[in-house]
Every structure is written in C-alpha cells, then in structure tokens.
Amino acid sequence: MGRSIVLEWDSRRALVATGKTSKGARPALTRVAGFDLPTAGEGGAATTLSEALTKGLLEQKVGKGEATVIVERTSAEMRMLTVPPVPDNELPQVVRFQAGREFSNLSDGWLLDYVPLPPTANGQARVLAAAISPQVAVQIRGCCEAAGLELRRVMLRPFAVARLLKRAGRLFGNLLLIERLAESVEMTVFSESNVQLTRSVRISAEASSEALTAQIIGEVRRTLGSFRNQQAEGEVQRVLILADEPLTTALIPPLKEIVPGDVDAADPWELFAAGGTCQADSPADAYRYAGVLGGLDDPTPDPATEIDFINPSRPPAPPSNRTKIVIGVVAAVALLVSAFALYWMESSRLANQLKTLRAEVDEMRKQDQDYQARMAEVDLLEQWMVAKVDWSSELSHISRRLPLPDDAIVNNMVLTADQTAGQANIAIKGRVSTPEMIGRIEEELRDTDEGREISGRKITPSDTAPYNWIFDETIKIDLLQLREVREAEWDATFVETAAAEADTDADVETDTDSEVVTDGTTQSPSDLDGETTNDGAAADDGATDEDADEANEESTTEDDSTEETTTEEDAADDANDSDAAATPDADDEHESADADESLEGETDADGTDGDGTEADPPGSQGEQEGDGNEEEAR
C-alpha cells in the first residue's frame, strides 16, 4: 500500500490531503489540512512561497513522500484543437504542432498535455489541450524540493474533480459543475464524462451576496452559450454546486430557471465516501477540498481523460528488434564508407560549388531577415483581426434599427465577447410603450445573414408612462459569420472601385482621341491648326491679316480656275478703297489698312464691331459675323 500526498495552493491558502492506495483497492483518506499563506507585507521580512509551504507542511506534520500538485484553471492555458485523422503514434506531434499555432505564447519550455474528445458531427477529430508556462513549472518543482517531496504528477483541477465525481457515480450526461474557490469561481461543463469546457471567473471578496449571485448567473449563461456553440447537439441537463451554504442557497432558484434538469449541491466528503474510505473529519470549508480529494490515486486510472503535465501523452514505444538494428548498423557503416570515398572524388568540384553557395546563402539570409520582419507584422495584424470586435459598428447597427424614442428607450446595455467560442453578446434592457413594439424590435435587430440572433427572457409591465412595459433582449453575434460577410463586402467594394477607375481612364482616353466637327466636316484637333473660317478669315490664334493675305495670294496664283469668289486680299483692298475715297494714293492706303487690320484683329465686314467701336485686340477669341454662321475661333 503506497502513501500519496496531494497539494493545492493559491495566493492565500494551501490545502493538503494524504491517503493510502493500493492496486485494485479503494483509496483511503487519512488526513486533510489547510493553512494560510502570508501575503505581501505580512510578517515583517519577505517570505517566499516555498518557505511558507515548507513551514506549513512541517507544522501539519505531513511528512515526506510522492506528491501530486493540483493546478487551478487560471494558471493554465487551454484550447480545443481540431486535428486531422492520424494514427495514435503521430497524434502527440500533430497536437504539439497545432498548439503552436493556436496558443498565444506557447514555446519549447511550456509543459503541454491533451485528452481526446469525441469527434464532431461531420467526423472531425478534436482534442482538449492544456499548457502551463515554464515559470509555473519551476515554481512547482522548487516548492516540492524545498519541502522534501518527490514530484510525481501535476494535474489540472477540473480533471481531478472529474475523478472524484466519477468514483461517486455523479459524472454522466451533460453536467455543469460550479465551484467556489478563494478568489474565483470555476465552471466546468462535462459531456459524457469528458471535460468539454472549463472557465474561471474572478470574484471580489467584498462583493455583496446579491452582486455575487448576479455575476455568477451571468457567467453561467455565457458558459452555456459557449457550450452550445461547441456542441452541435445536446443541452446541459444538470447543475452541481460545490460552494458554501449561503451562496448555494442563493444560486439554486435562478439556476432552475435556466437549466431544465436538476440543480443540486454536493459535499466533497460525501462524494469521496461513495468511492473510497474516509478516515478524516470534514473541515469547515469542505467545499474547497474537491480537487485534493480527487487527486488521490485512483485504483482504475484512465490516462485518456486526465491532464498530467509531468507525464504527458507520448507516442507508443516501437517494438524492439535487435537483428534489424544490427543489420541497419552494418548497412549504415557500408554506406558511410562509400559516401566517404565519393566525397574524396568530388572534393575539388564541391569546393567551388561551396564558395558559390555560401555567397547565395548570405544573400538569402538578408532577404530572410526582411521576410521574417514582415511576417511578424502580418501575424500581429492577423491576431488583432481575429480578436477584434467592432463594437461601434454593432452599436450603430442597433441605433439605426431601434424605434423612435417615443416608442422605446434603452436603459442598460452590456457588451461581452468570447473569442474562444467566436461569439459576441449584447444584452439590452429597456422600456417600450406597447408589447407589440418588442416584437418589432426583435424583427428589426435580427439579421441571420450576418450571424445576428436575438432572444428575450421576459416582459414585465411598468408604472412609468409612457413606457408601460419593460423588455430584456440578448443579441448573439456569430463573429466568424459576421467577419465573412464584412470581407465579402470589402472585396465587392474593391472590385467596384477598380472598375470605376478603369471607366474613368477610358473616358479620358476617348475625349483625347475624339474628332472635332466643324461646318459638317469631321476633323481632328491637330487639323484645326492653320485652317481658315468665314470666307478666308484666319483661324490661327495670333495670326495676322498680312499672313492671311499672302496665303490667299499664293492660292490664287497657283490655282488656274477663275470660278472662285474674291479672296480675302481683294475684299480687303475693296474695303480700303471705299474708305479712302479722299486719299490720292490707293496703294498706300491699302498697305495702311493691312497694317491696321493686323493690329486690330478680327472685325466685322465693314472693319468695325457691330456698334461701331473697335474690334477685340489681337489674340482674343470671339464670334465673327462674316456670312451669318457662328464658328468658334481656336
């Protein structure tokens, strides 16, 4: 018969249980003890945890032996992992690799163990993995060595309590276990004897009984919601409470409204007596000892349902075959001799290649450093995106769809998010003018396409007019579905923006290459340079009348046809002759008129504007009235 010592401690108090076990026999509890640990600032000189534990164990006369240490849920990190279907000998490596991606701070120094879970409805294999940091592991080993104990196991508290319930025959179906600890409340959901979900909630020692009850009930709702998200089928059927009597009495009525099955309290001493022999008296805080009682050696242990960080799950040892080993060694030696001879034959050629490869490796190392830095940034951004809940967008969604203030008003709103379950909850309490308005609120706020579901608990009348009814609704948001919808919207917006930019570029190119229609003739913009309008008037900006006259003279000289009308030069000469009737020398006046036209720019047929004033200065753009057709001067 062996002697077993089980230890559990937190920042305030340490618990210890000793017992005797033998193979195939029921465990026997011989003694339990609890002692307070000094907090910071007490007792003058600083006392380490190992010193305080050693002193307390000596005072309680626990003695030496093999020790099992129970670790609370708050000291470990847990994840439910989906793994591919692989053989049992490959599962530990697969779990370690998958945990390195799913856990936030997992490194080589962390102690990791897992238990298999039943597969999902679609056949995917799952495991529940847990890990403790190197700091926690070093602290546990140091405390045991200082107290003269040989560390045998480090168990996670929910699995130790599961052993106690299993021995008592209370672990079956879907069970929610609520345990009151010194600084927290642990909630564990068991599904068919397997730990499916476990959570730890911090509580305040100064909180009133009503506030503590309300906090625990709220966390129970979140725990049940997380279990429903993980378990496609089945609901929690029973609730078992391990807590002090006042808290148990306050929790039972509201829990019966939430869980359809039995809600009961249990005494760890009675649970242990159902599966073992108890020779120790029950202490005042007996509800705290469930972990150490369950940590005593089990006559029929089931390693597949226990987390043990000192003895984690490992692949089975391969069968020993000495003959094959000897043959393998001989073959390896022969291969090495052949490889050595080949090396000497190829040494000169490989030396040159080595030099080239070293240069390439140096260059690739530089590139790899840049790549690693970018990948670190991408990993940080990806972690932020997975953990992010856009509360402002959700509040905007609710604000747009609520009725007018005359019909409804919100008094209280609680926003919570469970990243592990991939769900966010918005609890809304408020008042409405009529009961029908509550149905309208549910219809407006429900959006199954984006993963939003809404449900209410109850409707009560109110004496406060005009809001005569009080409502309590909860919006449940599937973060994964909402994220997929947002990503689809972003992709659609990106495609529309790219298409709009492409259309804009095409419009600009079409306007640049388009042709200009003038007097019914299609011309390109380049063809407009140097063209004349209005019976020979120059269309070029900045071109003088003398240049136009010379161009018309050359056109008249080269063209033998006499059927064309009078050129611009003849028309100008006729106008100048008529205006200069009192001038004896017509040629001199003609040259003067040409000079005046070059200074004054474009004029009417009689050399002046319509009202008798001078024409626009040279270089300006205006309308010409030659033969009654308006053309734009370029």
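Residues numbered from 1 in each chain as written. Predicted model: local features only at pLDDT ≥ 70, side-chain atom pairs only at ≥ 80, totals over all residues. Heavy atoms only, no water.

### Examining the pattern of salt bridges
Just so we agree on the cut-off: The working definition used for a salt bridge is a side-chain nitrogen of Lys or Arg within 4 Å of a carboxyl oxygen of Asp or Glu. In this description a helix means any DSSP run of H or I spanning at least four residues, a strand means any run of E spanning at least two, and both kinds are numbered starting from the N terminus. Think of it in three bands: residues with accessible area under 20% of the maximum for their type are buried, residues over 50% are exposed, and the middle band is partly exposed, with areas taken using a 1.4 Å probe on protein chains only.
Under the criterion given, the structure shown has 22 salt bridges. For Glu186, the salt bridge goes to Arg157, with nearest N and O atoms at 4.0 Å. In this pair, Glu186 sits in strand S10 (residues 184-191) while Arg157 sits in helix H4 (residues 157-167), placing the two residues 29 residues apart along the sequence. The class for Arg157 is buried, based on a relative accessible area of 0%. A salt bridge links Asp264 to Arg170, with the shortest nitrogen-to-oxygen separation between them at 3.7 Å. With Asp264 in strand S13 (residues 263-265) and Arg170 in the loop between H4 and strand S9 (174-180), this residue pair connects regions lying 94 residues apart in the sequence.

### Some thoughts on a nonpolar patch on the surface
Convention followed: Patches here: salt-bridge-free residues with over 30% relative accessible area, like charges joined within 9 Å, nonpolar side chains (Val, Leu, Ile, Met, Phe, Trp, Tyr) joined within 5 Å. To measure how exposed things are, a 1.4 Å probe is used in the Shrake-Rupley method; for residues, cover is taken only from the protein chains shown.
A cluster of nonpolar side chains, Ile325, Val329, Val333 and Val337, forms an exposed patch at the surface whose accessible area comes to about 360 Å². With respect to the secondary-structure elements, Val329 resides in helix H9 (residues 322-387). A relative accessible area of 47% means that Val329 is categorised as partly exposed.

### Notes on the sheet that holds strand S7 (residues 125-132)
Picture the strands of a sheet paired through backbone hydrogen bonds; they go either parallel or antiparallel. For the record, the criterion: In this analysis, strands are considered paired if DSSP registers two or more bridges between them. To get an axis, fit a line to the C-alpha atoms, keeping to the stretch in contact for a helix; angles then go from 0 to 180 degrees between the N-to-C directions.
The 3 strands lie next to each other as S5-S7-S6, forming an open sheet whose pairing is antiparallel. Two strands bound the open sheet, and with one partner strand each, they are strand S5 (77-83) and strand S6 (111-117). In this sheet, neighbouring strand axes are inclined to one another by 25 degrees on average, regardless of whether the strands run parallel or antiparallel. Bridge count between S5 and S7: 7 bridges; the pairing is antiparallel.

### A few points about the confidence of the model for the protein
Threshold: Predictor confidence is given residue by residue as pLDDT, running from a minimum of 0 to a maximum of 100. Between two residues, a contact is recorded if the distance between any of their heavy atoms is within 4.5 Å.
Per-chain confidence: the protein averages 75 in pLDDT, with 73% of residues scoring 70 or above. Taking the mean pLDDT of every element in the protein, the minimum, 34, falls on strand S22 (residues 537-538) and the maximum, 93, on strand S12 (residues 238-242). Taken as a whole, residues 41-45 scores under 50 in pLDDT and shows 0 contacts with residues more than four places along the chain or in a different chain. Predicted confidence for residues 513-634 stays below pLDDT 50, and this span has 104 contacts to residues more than four positions away or in other chains.

### Quick word on the packing of aromatic side chains
We apply this condition: Only the six-membered ring of Trp is used, alongside the rings of Phe and Tyr, when aromatic pairs are assigned; centres must lie within 6.5 Å, and planes under 30 degrees apart are stacked while those over 60 apart are edge-to-face, with the rest tilted. Criterion for a charge above a ring: Lys NZ or Arg CZ within 6 Å of the ring centre, and within 35 degrees of the ring normal.
Throughout the structure, instances matching the rule amount to 2 aromatic pairs. For the ring pair Phe340 and Trp344, a centre distance of 5.9 Å and an interplane angle of 80 degrees mean the geometry is edge-to-face. Within this pair, Phe340 and its partner Trp344 are both found in helix H9, separated by 4 residues, close to a single helical turn. An identical accessibility class is assigned to Phe340 and Trp344; each is exposed. In this structure, Arg79 is placed above the aromatic ring of Phe103, and the distance from its NZ or CZ to the ring centre is 5.7 Å. In this arrangement the basic side chain of Arg238 is found over the ring face of Phe172, its NZ or CZ atom lying 3.8 Å from the centre.

### Quick word on unusual backbone geometry
Both trends apply: most residues other than glycine have a negative phi, and most peptide bonds are in trans. Residues Ala465 and Pro466 are joined by a peptide bond in cis, for which omega reads 5 degrees. Positionally, Pro466 belongs in the loop between strand S17 (452-461) and strand S18 (469-478). One non-glycine residue with positive phi stands out, namely Lys61, at about 55 degrees. The topology assignment puts Lys61 in the loop between helix H1 (49-59) and strand S4 (65-71).

### Brief notes about the environment of Val115
Its location among the elements puts Val115 in strand S6. Residues Val115 and Val195, 80 residues apart in the sequence, show an inter-C-alpha distance of 8.9 Å.

### What to know about the nonpolar core
Quick reminder of the rule: To qualify as a nonpolar core, a set must consist of buried Ala, Val, Leu, Ile, Met, Phe, Trp, Tyr and Cys residues joined through side-chain atoms within 4.5 Å.
One finds Trp9, Leu29 and Leu165 to be the most contacted residues of the largest nonpolar core, which totals 65 residues. Here this core gets 6 residues from one element, more than from any other, and that element is H4. The residues touching Leu165, leaving out its near neighbours within four places in the chain, are Arg170, Leu171, Leu175, Leu177, Phe190, Leu240 and Leu271. The next biggest cluster of nonpolar side chains, apart from the first, holds 22 residues, and it includes Val189, Ile203, Leu224 and Leu251.

### Considerations on the environment of Asp285
Within the secondary structure, Asp285 is located in the loop between strand S14 (277-278) and helix H8 (290-294). Look at Asp285 and you get buried, because its relative accessible area is 16%. Along the sequence, Asp285 and Asp244 sit 41 residues apart, while their C-alpha atoms lie 7.4 Å from each other.

### Thoughts on helix H7 (residues 268-275)
For clarity, the threshold we go by: This arc describes the spread of directions from the helix axis toward the C-beta atoms.
Of the positions making up H7, those classed as buried are Pro268, Trp269, Leu271, Phe272 and Gly275. Relative to the axis of H7, the buried residues are bounded by an arc of 160 degrees and lie together on one face. On the buried face of H7, the contacting elements are strand S3 (28-36), H4, S12, S14 and H8.

### A few points about helix H6 (residues 245-258)
Note: α-helices contain 3.6 residues per turn, so residues at a spacing of three or four share the same orientation. The criterion, for reference: Each helix should span, by expectation, one fewer than its residue count multiplied by 1.5 Å. At any given residue, the bend is defined as the angle formed between two axes, one fitted to the seven residues that end at that position and one fitted to the seven that begin there.
Across its 14 residues, H6 extends 20 Å between first and last C-alpha, which sits within 8% of the 20 Å expected from 1.5 Å per residue. Helix geometry: H6 is bent most strongly at Ile252, by close to 35 degrees, with proline Pro253 lying one to four residues after it. Of the residues making up H6, those classed as buried are Leu247, Thr248, Leu251 and Leu255. Contacts from the buried residues of H6 go to S9, helix H5 (209-230), S12 and S13.

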